[in-house]
Amino acid sequence: MITINILIHVLLMLTMPPLLLGVINKTKSLFAGRVGPPLFQAYYDLAKLMRKGFVISTTTTWVFLAAPVVSLVTVALAGLLVPLGSFDAPIAFIGDAILFAYLLGLGRFFTTAAALDTGSSFEGMGAAREVTFACFSEPALFFALLVLAKISGSLTLTGMLHGPLGVSLQAVSAPLILVVIGLFIILLAENCRIPVDDPNTHLELTMIHEVMVLDHGGPLLGLVLYGASLKLFVLGALFLHVAAPFQFGSAGLNWLLFIAEMLGLAVVVGMIESVMARLRMPHVPYLLIAAALFCGFGFILLVR
Amino acid sequence: MTSLWWILAGIVALLSSGVPALLGPRRSVIRQRLGAALMVVGGALGLTGLALALRDPRPASLDLAALASLGRFSVAVDPISIVFLAPVFVVPVLGALYGLGYWRQSENPANGRKVSFFYGMLAGSMALVVVSRDGVLFLVAWEVMALAAFFAATAEDDLPAVRRAGWIYLVATHVGTMLLFAMFALFRQATGSFALSPVPSEVCGTGLASGIFVLALLGFGFKAGLMPLHVWLPGAHANAPSHVSAVMSGVMLKMGLYGIVRMASLLGPGPVWWGAVLLVAGVSSGILGLAFAIAQHDLKRLLAYSSIENIGIIAMGVGLALLGRSLNRMDWVVLGLGGALLHVWNHSLFKSLLFLGAGAVIHATGTRQIDRLGGLAGRMPRVTCLFALASVAICALPPLNGFAGEWLLYLGLFGTLGTDGGVSWPTAALAAAALAMIGALAVVCFVKLFGVMFLGGPRSGAAIAAHDPGMTLLGPMAALAAGCLVLGILPWLTVPLLDRAAENWAGGGAATIPPILSVAPLSWISVMGVVLMGAVAALGLPLRLLLRRRNVASAGTWDCGYARPAFRMQYTGSSFGQTLAALFAWALWPVRHAPQIQGFLPTATRYQGDTPDTVLERLILPIFHMAERLLPRLRLLQQGKVHIYVVYFLLALLALLLWGRLGN
């Protein structure tokens, strides 16, 4: 049974992420009164990109080629540490939460280094923003992890995320609500969604993630896009544990519930993108500091 | 016992390694090689001794009473000493080999012999500091180390910047030593002798013990470079020859930490605030050290500030261990101290590698200005790979060694939540969030350093002509890089030593120490590291095949339609760190000379920005300038005539006599 759940975990993790992008775009289209691209557009895009040739800038080195590979691998490994729905993660050990955060950090190191590798000042700008904003979202994430560790009494990500169910929710509801808000901001920021970044804009000056990959094309861009959607999936799974810790009695229903929750999260992200504007770049750090404060106050409420 | 003789022989070889060069002609390369060979011999002897000491269950010690007239020559090797000795026997040796190519005596006739002599002296005296078990011997070795570092670091003393950095270092280190004198005086009052032995139990936890602790923290903190006491560090590291900087940063700073760790062990359990103070000092050193590092333009100053950050991380670990000992949580002790000691090794590996890499870049380009470099990856591919590895390691990213040490520390900090239902002190867990911020700031700092220097295109002519150095420089760097990789994949190799060091540190009377592996599954770090590298290879190989099969076109970087892009338009290091530097402006106090641009066709103008050290420039130097103004008035007392001084003696004796009488 466990083997089957691990298989489903890996399969879902590898196949579902591009669908989330489709759902987000469909939601945005509905809000805008358009038909929008098909739900599976991201899959078609990936298939097309994978068939293409390469165009590689003359200034670049091995770092440029390594970055998409490293960032995809790190996100995928991080995804193996996060439990999906009511099921345990395939890999769980004491302290895996820290490895989770640092794997994402390794991906960030290479993505931003590759952006500098192209020698374009726009990409350098995006890289600077990416690493700078992480300085505020990382402490926020760790505050959230501290809260979850304290509530659950566990130091594994699986234990932390399944833990809140075990205690009476009323006693810890206030810290958990704060953590949910903080984690949602982290989710949006780390995945470069509105209000932090606009994945659709073509104005390089205002972008973060998209501007860093301006020079990636063909299969390399495919890896980047797929890795980005995988990151949304992984962080979304983490967020859903805290935001919607529901489960049924049977495994099949639980998987269906998880998929429904994940699609629902994509709809919510799409709705936010439809009704909000992107923040001015100098204001983004304040939003992220706010996320750290939400999670930090949650922590202080808990241990007071 | 034999282990100690091996180590002492190694120390003698290190100390004397510069003598052949000193006695020879100025340009003798053979004498320099002889010195390096002596360093290698010393390192080999010392490491053999350490290996023997590892197998010896009881600490070896030696007490030569025959030298009683000169003070006790009392030395010993225990697990804590082994941890701090290992870098001393590795890094300076590799640095000396590197120096054969980097600071050739034939090319530096003015100071080559001086550097060789004091370099060996520095290495040997550091080893002596760690083994000495007597306060007087300790201070003698300490002073030799401080002075040797001064002379080695001020090799190019014809340059004003070097002289200035040297003076600041000399003043700072002697202020520290003065505090250590006071500390040893109090220590003698507590124990009755200068021997470095545990204080009697009735002194534990008293105000006297706290006084000793505070003095040790300040005195050793100057050497370690904890945040407000770091003033000498950036200048001295930046202006020393790179292999000397590597030894100073990779090894000498750790001597300050050794002092804190040793005294904390001897003083026994203390009040909770000891650990809290170290935690706070560690967090502030970590965050502010990196904030300063990000704002620097000088490659080696940046690395120096990053050393302050790493010292902060180690201090956090020691603070957690102190906290655990006060509250009788031995798992915090083992995780905090284990993480700190592992980080001592890690930092000595990757920071030395970074300094040696910086030396190779300076050698090839002739500049330390990050913003004048760029595109070195194509010109210096080997140095680039080694520097990239060290950058990833220092950001504590898996699968390299920085991660393993910080991971232990994180586990200890998460442990302060009391998740197992035992004693908790959750305030300390806030340090985990701070450590996360330190990690993210380190990524900013080192993506900036690595990316701006090595990637993109050359920003100035200096970077165009660069090329990889020879094996003399690359070999020692490769050895350090291999160390980073091995400790990153197999961190549990250090566990037996770390376990014994923690037991040794906490003292025999304390509760039993849990083994590290029982609280931190380090084998998982190995598994995940191998999986990570395997997965990258598994995805990278098909990509390589694809690159061979598919049509690969080369083109310029997408320029957004601009017709004449140039490499000087690339994002610079300054612009990369600008947002963070602005957010930390309350601490950095950057100096900006921005011109007012007026009119439709403004004339050419200049912009200059700099981030000098806030504590040094805004606090210490103003105090010194004030002293310079006020103190000359005391020259009234200095008449330069002997009989006046004799009168002073007489008056002082009379005053003492009166005081003694009145006291009775």
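The model shown is predicted, which means the values in this text are computed figures rather than measured ones.

Engineer: I'd love a proper account of the overall build of chain B, names of residues and values included.
Structural biologist: For chain B, the helix and strand inventory stands at 27 helices and 5 strands. Summarising its shape, the C-alpha atoms of chain B cover approximately 95 × 65 × 55 Å along the three principal directions. Put simply, of all contacts in chain B between residues at least 6 apart along the chain, 80% involve residues at least 24 apart.

Engineer: Lay out the overall build of chain A with the relevant residues and their values.
Structural biologist: Broken down by element type, chain A carries 12 helices and 1 strand. Written out in order from the N terminus, the α and β elements of chain A read α-α-α-β-α-α-α-α-α-α-α-α-α. Projected onto the principal axes, the alpha-carbon positions of chain A cover approximately 60 × 40 × 40 Å. Residue burial in chain A is summarised as follows: out of 304 residues, 61% are buried. Contacts in chain A between residues far apart in sequence, at least 24 positions, make up 77% of those at least 6 positions apart.

Engineer: Give a description of unusual backbone geometry that names residues and reports values.
Structural biologist: For the bond running from Ile194 of chain A to Pro195 of chain A, omega is 15°, close enough to zero to count as cis. Among the secondary structure elements, Pro195 of chain A is positioned in the loop between helix H8 (169-190) and helix H9 (209-212). Residues Pro398 of chain B and Pro399 of chain B are joined by a peptide bond in cis, for which omega reads 5°. Looking at the secondary structure, you find Pro399 of chain B in the loop between helix H15 (381-394) and helix H16 (401-415). Its identity as a non-glycine residue notwithstanding, Cys192 of chain A has a phi of 55°, on the positive side. Residue placement: Cys192 of chain A occurs in the loop between H8 and H9. A count of 23 C-beta atoms within 10 Å places Cys192 of chain A in the buried class.

Engineer: Give me the lowdown on the interface of chain A and chain B, citing residues and values where you can.
Structural biologist: Contact with chain A, which involves 61 residues of that partner, is made by 64 residues of chain B. When residues of the side of chain A that touches chain B are traced back to their parent elements, those giving at least two are strand S1 (54-57), helix H4 (62-81), helix H5 (96-117), helix H6 (121-152) and helix H12 (284-303) of chain A. With 18 residues, H6 of chain A is the single largest residue contributor to the side of chain A that touches chain B. Considering only residue class, the side of chain A that touches chain B consists of 39 nonpolar, 16 polar and 6 charged.

Engineer: Now, about helix H20 (residues 495-506) of chain B: what can you tell me, with residues and values included?
Structural biologist: Along an α-helix, a turn takes 3.6 residues, which lines up residues three or four apart on a common side. Residues and elements named next belong to chain B. A rise of 1.5 Å per residue sets the reference length of H20, with its 12 residues, at 16 Å; its end C-alpha atoms lie 16 Å apart and thus fit the reference within 8%. The inward-facing, buried residues of H20 abut helix H3 (29-55), helix H4 (79-102), helix H10 (242-267), helix H12 (299-326), helix H13 (330-365) and helix H21 (516-519). Residue Gly507 follows H20 closely and has a positive phi angle near 90°.

Engineer: Any details on the environment of Ala340 of chain B? Residues and values, ideally.
Structural biologist: Residue and element names in this part refer to chain B. As for its placement among the helices and strands, Ala340 is situated in helix H13. The class of Ala340 is buried, set by 30 C-beta atoms lying within 10 Å. Taking the C-alpha atoms as reference points, Ala340 and Gly319, 21 residues apart in sequence, are found 9.4 Å from one another. Setting aside residues no more than four positions away along its own chain, Ala340 makes contact with Ile314, Gly317, Val318 and Ala321.

Engineer: Before we move on, could you go through the confidence of the model for chain B and cite the residues and values that matter?
Structural biologist: All names here are of chain B. Per-residue pLDDT for chain B has a mean of 92; in total, 98% of the residues score no lower than 70. For chain B, the element scoring lowest by mean pLDDT is strand S1 (residues 60-64), at 80; H15 scores highest, at 97. The ipTM, which scores confidence in the relative placement of chains, is 0.96 for this predicted complex, and the corresponding pTM is 0.95.

Engineer: Describe H6 of chain A, and please don't skip the residues or the numbers.
Structural biologist: All names here are of chain A. For H6, which comprises 32 residues, the first-to-last C-alpha distance of 46 Å matches the rise-based estimate of 46 Å (1.5 Å per residue) to within 8%. At Cys135, H6 shows its largest kink, close to 35°, and the proline Pro139 lies no more than four residues downstream. Counting buried positions over the 32 residues of H6 gives 32, a clear majority of the element. In the segment just after H6, Gly153 is the residue with positive phi, at about 70°.

Engineer: Give me the lowdown on the packing of H15 of chain B against helix H19 (residues 471-489) of chain B, citing residues and values where you can.
Structural biologist: Residue and element names in this part refer to chain B. Taken N-terminus to C-terminus, the directions of H15 and H19 make an angle of 35°; their axes are 10 Å apart at the nearest point. H15 and H19 meet at a crossing whose hand is left-handed. Only Leu474, Met477, Ala478, Ala481, Cys484 and Gly488 of H19 make contact with H15, whose side of the interface consists of Arg382, Leu386, Leu389, Ala390 and Ala393.

Engineer: Mind laying out the packing of helix H1 (residues 2-15) of chain B against H3 of chain B, listing which residues take part and the relevant values?
Structural biologist: Geometrically, a packed helix pair is captured by the angle between its two axes and the distance between the axes. Residue and element names in this part refer to chain B. Here H1 crosses H3 at 160°, and the two axes come no closer than 7 Å. The angle between H1 and H3 falls in the class roughly antiparallel. As H1 packs across H3, the resulting crossing turns out to be left-handed. Every residue of H3 that contacts H1 at Thr2, Ser3, Leu4, Trp6, Ile7, Ala9, Gly10, Ala13 and Leu14 is listed here: Leu38, Met39, Val41, Gly42, Gly43, Leu45, Gly46, Thr48, Gly49, Leu50, Leu52 and Ala53. By residue class, the composition of the contact of H1 with H3 is 13 nonpolar, 8 polar and no charged.

Engineer: Please provide a residue-by-residue account of the environment of Cys192 of chain A, values included.
Structural biologist: Considering only alpha carbons, one finds Cys192 of chain A and Ile289 of chain A, 97 residues apart in sequence, at a separation of 16 Å. Apart from residues lying up to four places away in sequence, Cys192 of chain A is in contact with Asp197, Pro199, Ile208 and His209 of chain A.

Criteria and cut-off values
Per chain, residues are indexed from 1 in the order of the written sequence. All chains are assigned letters beginning at A, and all ligands numbers beginning at 1, according to the order in which they are written. Under the rules for a predicted model, residues below a pLDDT of 70 receive no local features and side-chain atom pairs below 80 are neither given nor counted, while totals for whole chains, interfaces and linings still include all residues. Helix and strand assignments come from DSSP, with helices taken as H or I runs of at least 4 residues and strands as E runs of at least 2, each series counted from the N terminus. It is the C-beta atoms, placed from the backbone, that decide contacts: two residues are in contact if theirs lie within 7 Å. Any residue surrounded by 20 or more other C-beta atoms within 10 Å of its C-beta is treated as buried, while 12 or fewer makes it exposed and the intermediate range makes it partly exposed; C-beta atoms here are placed from the backbone. Nonpolar residues are Ala, Val, Leu, Ile, Met, Phe, Trp, Tyr, Cys and Pro. Charged residues are Asp, Glu, Lys and Arg, and all others, Gly as well, are polar. To estimate the expected span of a helix, count its residues, drop one, and scale the result by 1.5 Å. pLDDT expresses, on a scale from 0 to 100, how confident the predictor is about each individual residue. Bend at a residue means the angle formed by two fitted axes: the first through the 7 residues ending at that position, the second through the 7 residues beginning there. Lines are fitted to the C-alpha atoms to define the axes, a helix being fitted only along its stretch in contact, and any angle between axes, read from their N-to-C directions, falls within 0 to 180 degrees. The sense of a crossing depends on the near helix, which, turned anticlockwise from the far helix by less than a right angle, makes the crossing left-handed and, turned clockwise, makes it right-handed. Relative orientations are named as follows: roughly parallel for angles under 35 degrees, roughly antiparallel for angles over 145 degrees, roughly perpendicular for angles from 65 to 115 degrees, and oblique for any other angle.

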